[in-house]
Amino acid sequence: PLYAFLADRLAYLLEQRKHDVRSVRAVLHGGVEQASPLEARHKLDALAQMSGSAALLGVATLLKRVKNITRGIAAPAGRTEVRGLLTEPAEVALAAELDSRAPAIRDAARRGDYREAFTGIASLQPSVATFFDDVLVMAEDERLRAARLGLVASLRDLILEIADLSEIAATE
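In this text, all values refer to a predicted model and were calculated from it rather than measured experimentally. (Residues numbered from 1 in each chain as written. Predicted model: local features only at pLDDT ≥ 70, side-chain atom pairs only at ≥ 80, totals over all residues. Heavy atoms only, no water.)

Visitor: Honestly, the packing of helix α3 (residues 37–49) against helix α7 (residues 114–122) in this entry has me stumped. Any pointers?
Guide: The description of two helices packed together rests on the angle between their axes and the distance between the axes. Contact geometry of α3 with α7 gives a least axis separation of 8 Å together with a crossing angle of 50 degrees. In this view, α3 runs oblique relative to α7, as classed from their interaxial angle. Considering only the axes of α3 and α7, their crossing is right-handed. Across the interface between the two elements, Glu39, His42, Lys43, Ala46, Leu47 and Gln49 of α3 pack against Tyr114, Arg115 and Phe118 of α7. For the contact of α3 with α7, the per-class residue count stands at four nonpolar, two polar and three charged. (Axes fitted to C-alpha atoms, helices over the stretch in contact; angles between N-to-C directions. Helix = DSSP H or I, 4+ residues; strand = E, 2+ residues; numbered from the N terminus. Parallel < 35°, antiparallel > 145°, perpendicular 65-115°, else oblique. Left-handed = near helix turned anticlockwise from the far one by under 90°. Contact = heavy atoms within 4.5 Å. Nonpolar A, V, L, I, M, F, W, Y, C, P; charged D, E, K, R; others polar.)

Set out below in structure tokens:
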């Protein structure tokens, strides 16, 4: 009850300071116990600076889909054991993008440079979009399906470490 009260108060305060309600939900998604008010404000400022980014909004929209299909799926500890199963060009490209960009995204977030972190996430949008256009995630082969879901769950977890960007996706 105390954390719920604090989360409501922090959300109210941020909204009163003219931050977008959806962005507030995005940065407070993990609960108030996982984010300081100052950190939340820095994330909100970075999101506001990137409000016109089509790539970031594209990732936000795709994250909604990712969260739905990976509900209850844990990301694998390491993708090396499933890497051999991923052979489609789009899935190989997404895995490579995650491997190359995730460390810089996490480092930027660790340093509090959320604009850089969100820019890094936005740069994943073309690979993520191509993956969903070209790859059938729910393949009949159980091992292949698990490998693809694990790859997508890794993407989900990377983004959710910083903010639940699906909250800023346009509602339909």
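The rest of the description comes next.
Visitor: Would you explain α3 in this entry?
Guide: Since one α-helical turn is 3.6 residues long, residues separated by three or four positions face the same way. With 13 residues, α3 ought to run about 18 Å at 1.5 Å a step, and its terminal C-alpha atoms sit 18 Å apart, in line with that. Listed as buried for α3 are Ala40, Lys43, Leu44, Ala46 and Leu47. One side of α3 holds all its buried residues, which, seen down the axis, span an arc of 160 degrees. For α3, exposure combined with an orientation more than 90 degrees from the buried face picks out Ala48 and Gln49. Contacts from the buried residues of α3 go to α1 (2–16), α2 (21–27), α4 (54–69) and α7. (Expected span 1.5 Å × (residues − 1). Buried < 20%, exposed > 50% of the residue type's maximum accessible area, 1.4 Å probe, protein only. Arc of directions from axis to C-beta.)

Visitor: How should I be thinking about unusual backbone geometry in this particular structure?
Guide: Backbone phi values are negative for most residues with the exception of glycine, while trans is the configuration of most peptide bonds. Non-glycine residue Lys18 carries a positive phi angle of around 70 degrees. Structurally, the position occupied by Lys18 is in the loop between α1 and α2.

Visitor: It is not clear to me how the packing of helix α6 (residues 89–111) against helix α9 (residues 142–160) should be interpreted in this structure. Could you clarify?
Guide: Running from N to C, α6 and α9 cross one another at 25 degrees; their axes reach a closest spacing of 11 Å. Classified by the angle between their axes, α6 and α9 sit roughly parallel to one another. As α6 packs across α9, the resulting crossing turns out to be left-handed. On α9, the residues touching Glu91, Leu94, Ala95, Leu98, Ala102, Ile105 and Arg106 of α6 are Leu144, Arg148, Leu151, Ser154, Leu155 and Leu158. Class assignment of the residues belonging to the contact of α6 with α9 gives a composition of nine nonpolar, one polar and three charged.

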